[in-house]
Amino acid sequence: MQILDGKALAKKIEQEVTDEVNRLKEVCGCTPGLAVVLVGQDPASAAYVAMKKKACDRVGFYSITHDMPEKISQEAIEKTIMMLNNDTNVDGILIQLPLPAHIDTTKLLELVTPEKDVDGFHPFNVGRLTTGLDGFVPCTPLGVMELLAEYNIDVKGKNCCVVGASNIVGKPMASLLLNADATVEICHIFTDDLKKHTLNADIILVGVGVINLIKEDMVKDGAIIIDIGINRADNGKLVGDVDFENVSKKCSYITPVPGGVGPMTISMLLSNTLKAAKLNAKKIKESK
Ligand code: NAD
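The structure reproduced in this document is the subject of the present report. Within any chain, residue numbers begin from 1 and follow the written order of that chain's sequence. Given that this is a predicted model, residues contribute local features only at a pLDDT of at least 70 and side-chain atom pairs are listed and counted only at 80 or more, while totals for whole chains, interfaces and linings are drawn from all residues. As a convention, hydrogens and water are excluded, and side-chain values are obtained from all of the structure's heavy atoms.

**Side note on the site of the ligand**
For step 1, the next point in the chain: The immediate surroundings of the ligand are formed by 20 residues, with Ala165, Ser166, Ile189, Ile228 and Thr265 found nearest.
For step 2, the next point in the chain: A distance of 2.7 Å separates an oxygen atom of the ligand from a polar atom in the backbone of alanine 165.
For step 3, the next point in the chain: In the model, an oxygen atom of the ligand is placed 2.7 Å from a nitrogen or oxygen of the threonine 265 side chain.
For step 4, the next point in the chain: What sets the accessible areas is the Shrake-Rupley method with a 1.4 Å probe; for residues, cover comes only from the shown protein chains. With the chains in place, 71% of the 850 Å² that the ligand exposes on its own is no longer accessible.
For step 5, the next point in the chain: A run of H or I in DSSP becomes a helix once it reaches four residues, and a run of E becomes a strand once it reaches two; helices and strands are each numbered from the N terminus. The biggest single contributor to the shell around the ligand is helix H10 (residues 261-287), with 3 residues.
For step 6, the next point in the chain: Under the scheme applied, nonpolar residues are Ala, Val, Leu, Ile, Met, Phe, Trp, Tyr, Cys and Pro; charged residues are Asp, Glu, Lys and Arg; polar residues are all the others, including Gly. Residue composition of the shell around the ligand, grouped by class: 10 nonpolar, 10 polar and no charged. Any residue with a heavy atom positioned within 4 Å of a molecule or strand is treated as near that molecule or strand. We define a polar contact as two N or O atoms separated by no more than 3.5 Å, with the added condition that, inside protein, one atom must be a possible hydrogen donor and the other a possible acceptor, whereas residues neighbouring each other in sequence contribute only through side-chain atom pairs.

**Structural notes on helix H2 (residues 43-59)**
For step 1, the next point in the chain: How far a helix is expected to stretch is found by multiplying one less than its residue total by 1.5 Å. In this model, H2 (17 residues) spans 25 Å end to end at C-alpha, consistent with the 24 Å of a helix rising 1.5 Å per residue.
For step 2, the next point in the chain: Each residue gets one of three labels from its accessible area relative to the maximum for its type: buried under 20%, exposed over 50%, partly exposed in between, using a 1.4 Å probe on protein chains only. Three or more residues of H2 are buried, namely Ser45, Val49, Lys52, Ala55, Cys56 and Val59. Viewed end-on, H2 has its buried residues packed into an arc of 120 degrees, placing them on one side of the element. Turned more than 90 degrees from where H2 packs its buried face, Pro43 and Lys54 sit exposed.
For step 3, the next point in the chain: As for H2, its buried residues are in contact with helix H1 (6-28), strand E2 (33-39), strand E3 (62-68), strand E4 (92-95) and H10.
For step 4, the next point in the chain: Looking one or two residues beyond H2, the residue adopting positive phi is glycine 60, at roughly 90 degrees. It is the directions from the helix axis to the C-beta atoms that the arc portrays. Residue contacts are counted whenever heavy atoms from the two residues lie within 4.5 Å of one another.

Function cannot be read off these values alone, since they describe shape.
Have a look at this one:
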């Protein structure tokens with residue numbers, strides 16, 4: 001069994017982004033910028049935003065967090081997003097999810113201009129991904145594809161079982177795999193007999209949020225296991241959705257939690273923001 005080391009690859013990508021940022025600064029005097037909209041006091045969201053901010057600092061991005069109170073109105077957030085859409089210092093806009101229940105999340109995601117949609121959640125970018133066109137792709141599944149590529153794992157023709165069908169993890173994961181010519185099954189909470197599906201898979205990609213959902217008897221010998229889940233165990237430790245101890249004895253490759261998909265998500269946010277900045281710089285140059 002081999003570990004798919006997301007932490008090491010993320011470090012390598014960060015260095016590449018840093019080099020590219022330095023080059024951009026030299027060539028056109030522009031600094032890539034990321035704006036984060038954070039609403040409320042959810043500690044997990046605050047921790048994720050802090051990690052993203054630190055990563056931006058490490059690679060030399062300009063970054064700003066719009067920290068808003070829990071009870072803020074929909075209109076006030078919309079105003080901020082429109083302001084960020086027009087801010088030339090901002091190349092990427094990220095709305096940290098989940099938002100409080102009184103906020104219309106879909107409306108806000110649709111308000112972000114697709115050119116700054118570095119999370120890839122705008123329906124425009126979702127449509128481009130589904131049709132196999134270039135655009136912004138959600139960071140977590142994009143990070144998974146990069147990790148597989150780093151270990152020369154070609155998904156073409158492989159049976160892939162995606163467990164979890166959210167808009168931010170499972171569905172874009174399935175689209176990326178399909179675009180890379182894999183045979184894809186998507187399972188979710190209403191799937192009858194999950195084991196029947198996972199046992200048939202060459203690659204299992206699970207992002208659900210249930211500790212030990214994937215057990216040894218659900219995995220065929222030599223399967224590749226991508227654990228996207230992040231859960232806090234009773235002992236306070238971070239764990240995924242896979243029973244790592246037992247499944248790792250049976251599979252060929254596996255991502256650890258922490259140190260697998262998580263760091264890749266952050267590095268993909270950096271590369272998506274860099275991509276947005278380059279497109280922006282090109283547009284400005286062409287308009288001169
Ligand atoms: P979500 O709640 O939006 O979606 C969960 C999905 O899992 C749904 O499609 C649901 O039908 C399915 N599901 C729930 N229980 C199931 C079960 N028992 N069997 C099969 N399917 C089941 O969650 P999300 O935002 O997609 O996040 C999923 C997990 O991925 C969470 O643990 C989250 O923390 C993690 N996550 C990790 C990263 C990362 O960078 N590694 C990024 C985003 C989310």
